[in-house]
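An overview of the molecular structure
Each chain, letter by letter, is given below.
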Amino acid sequence: MNNVVVTDVPRAPGDKIDELAGFGVATVHEALGRVGYVGTEHRPLHRGSRIGGSAVTALCWPGDNMMIHAAVEQCRPGDILVVTTASPSTDGMFGELLATSLVSRGVRGLVIDAGVRDVAELKEMGFPVWSRAISAQGTVKATAGSVNVPVTVGGQTIHAGDVILADDDGVLRVAQADVERGITASKARLAKEEATRAALAGGELGLDRYGLREKLTSLGVRWVTAEEYAKEQA
């Protein structure tokens, strides 16, 4: 592990991040071509949060949260802390006290590829967390790691300054260079969905709206009456 703390990481404009976050993880994921999703293992500690922010990354040793403390110093208002370990760990590396420190710096939430504890307190604080585990197992502060280096979470490589979106549907990584495209594509997707919603509410079937009837026919599906089906099975 290359032990380093990288400072002054460039961030995307805050207003653009907020606009992108407003669309939600599922919409942006689809709009950008289904890329950047960190998968199903990282779930929200409590429901109802929707956040977006710039990633500050921390690479720690398993069972050691010292680099989380180092990462707090690098956090700015509007950031999201992203934590992972050099090898798999489910220890409770983060809790109420670290959350209190992050809140004081304006951090919007945490994505951690390990465990958290103090769940009741974090919920009471309203501090959003997406984690892979919940564990009362504590950690030490003994081994150096790195801050603001590329890390891998759920198969996605996250660079410091990448935009992180998180809500009840999961966590999404968006490269800074894709923020504007994500906004434009998400607006277009929402407009298309609104038209579809109106059509479905008016009684149109998805089979016809999406051209699925013809597709099923091309795949060999036939529409037969119950009587015809019974004769075929006889």
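Our subject is the structure that appears above.
Positions within a chain are numbered from 1, following the residues in the order the chain's sequence is written. Where totals are concerned, whole chains, interfaces and linings use all residues; where local detail is concerned, this predicted model gives features only for residues with pLDDT of at least 70, and gives and counts side-chain atom pairs only at 80 or more. Note: side-chain values were computed over all heavy atoms of the structure, leaving out hydrogens and water.

**Section: unusual backbone geometry**
Stated precisely, the cut-off is as follows: Exposure is judged per residue with a 1.4 Å probe applied to protein chains only, and the accessible area is read against the type maximum: over 50% gives exposed, under 20% gives buried, and values in between give partly exposed. Only DSSP runs of H or I reaching four residues or more are called helices, and only runs of E reaching two or more are called strands; each is numbered from the N terminus.
Of note, Asp8 is a non-glycine position whose phi angle comes to about 55°, a positive value. Using a relative accessible area of 60% as the deciding quantity, one classes Asp8 as exposed. At Asp118, a residue that is not glycine, the phi angle is positive and equals roughly 60°. Summarising the element assignment, Asp118 is placed in the loop between β5 (109–116) and α5 (119–125). On the basis of relative accessible area, Asp118 is assigned to the partly exposed category, the value being 31%.

**Points about helix α4 (residues 96–104)**
An α-helix turns once per 3.6 residues; consequently, residues spaced three or four apart project the same way. Stated precisely, the cut-off is as follows: Read the arc as the range of directions from the helix axis to the C-beta atoms. Pairs of residues are marked as contacts when any of their non-hydrogen atoms sit within 4.5 Å.
Leu98, Ala99 and Leu102 are the residues of α4 that are buried. Each buried residue of α4 lies within a common arc of 100° when the element is viewed along its axis, so the set occupies one face. Summarising the geometry of α4, the exposed residues directed more than 90 degrees from the buried face are Leu97 and Ser104. Those residues of α4 that are buried are in contact with α3 (66–74), β3 (79–85), β4 (92–94) and α5.

**Quick look at the pairing of β3**
To keep it simple, the criterion reads: Between any two strands, pairing holds if DSSP finds at least two bridges. For crossovers, right-handed means that the path from the first strand over the helix to the second runs clockwise, given strands pointing away from the viewer.
Burial of β3 is extensive: seven of the seven residues sit out of reach of the surface. Bridge count between strand β2 (residues 51–60) and β3: seven bridges; the pairing is parallel. Bridging from a neighbouring strand, Val56 pairs with Leu81 of β3. Following the chain from β2 across α3 to the adjacent parallel β3, one finds a crossover that is right-handed.

**Notes on the environment of Glu41**
Examined against the element boundaries, Glu41 turns out to sit in the loop between α2 (25–31) and β1 (43–44). With 137 residues separating them along the chain, Glu41 and Asp178 place their C-alpha atoms 25 Å apart. The contacts of Glu41, once residues within four sequence positions are left out, are Ser131 and Arg132.

**Regarding the nonpolar core**
Here is the rule we go by: Here, the term nonpolar core denotes a set of buried Ala, Val, Leu, Ile, Met, Phe, Trp, Tyr and Cys residues that are joined through side-chain atoms within 4.5 Å.
Core analysis: the largest hydrophobic core is formed by 25 residues, its most contacted members being Phe94 and Leu110. When sequence neighbours within four positions are dropped, the list of residues in contact with Leu110 reads Ile80, Leu81, Val83, Phe94, Val116, Phe127, Pro128, Val129 and Trp130.

**Considerations on a negative patch on the surface**
This is how it is decided: Patch membership needs two things, relative accessible area over 30% and no salt bridge, and members are linked within 9 Å if like-charged or within 5 Å if nonpolar (Val, Leu, Ile, Met, Phe, Trp, Tyr). Here the Shrake-Rupley method, with its probe set to 1.4 Å, supplies the accessible areas, and only the displayed protein chains count as covering residues. A carboxyl oxygen of Asp or Glu within 4 Å of a side-chain nitrogen of Lys or Arg is what we treat as a salt bridge. In this charge count, Lys and Arg are treated as positive and Asp and Glu as negative; neither His nor the chain ends contribute. Where a charge lies is defined by one atom per residue type: Lys uses NZ, Arg uses CZ, Asp uses CG and Glu uses CD.
The grouping of Glu96, Asp118, Glu121 and Glu124 at the surface amounts to a negative patch. Position of Glu124 relative to the elements: it lies in helix α5.

**A short note on the side chain of Asn65**
Our working rule: Whenever two N or O atoms come within 3.5 Å, that pair is a polar contact, provided that in protein one can donate a hydrogen and the other can accept it, and provided that, for residues adjacent in sequence, both atoms are side-chain atoms.
You can see Asn65 is positioned in the loop between β2 and α3. Among the polar contacts listed, one links the side chain of Asn65 to the side chain of Lys141, at a separation of 3.5 Å. Beyond its immediate sequence surroundings of up to four residues, Asn65 is in contact with Met93, Leu98, Thr139, Val140 and Lys141.

**Details of the environment of Arg11**
Structurally, Arg11 can be placed in the segment before α1 (14–21). Once residues within four sequence positions are removed from consideration, Arg11 is found in contact with Ser54, Val56, Gln74, Cys75, Arg76, Asp79 and Gln176. At 3.2 Å, the side chain of Arg11 and the backbone oxygen of Gln74 are in polar contact.

Such coordinate-based values are descriptive only and should not be taken to indicate function.
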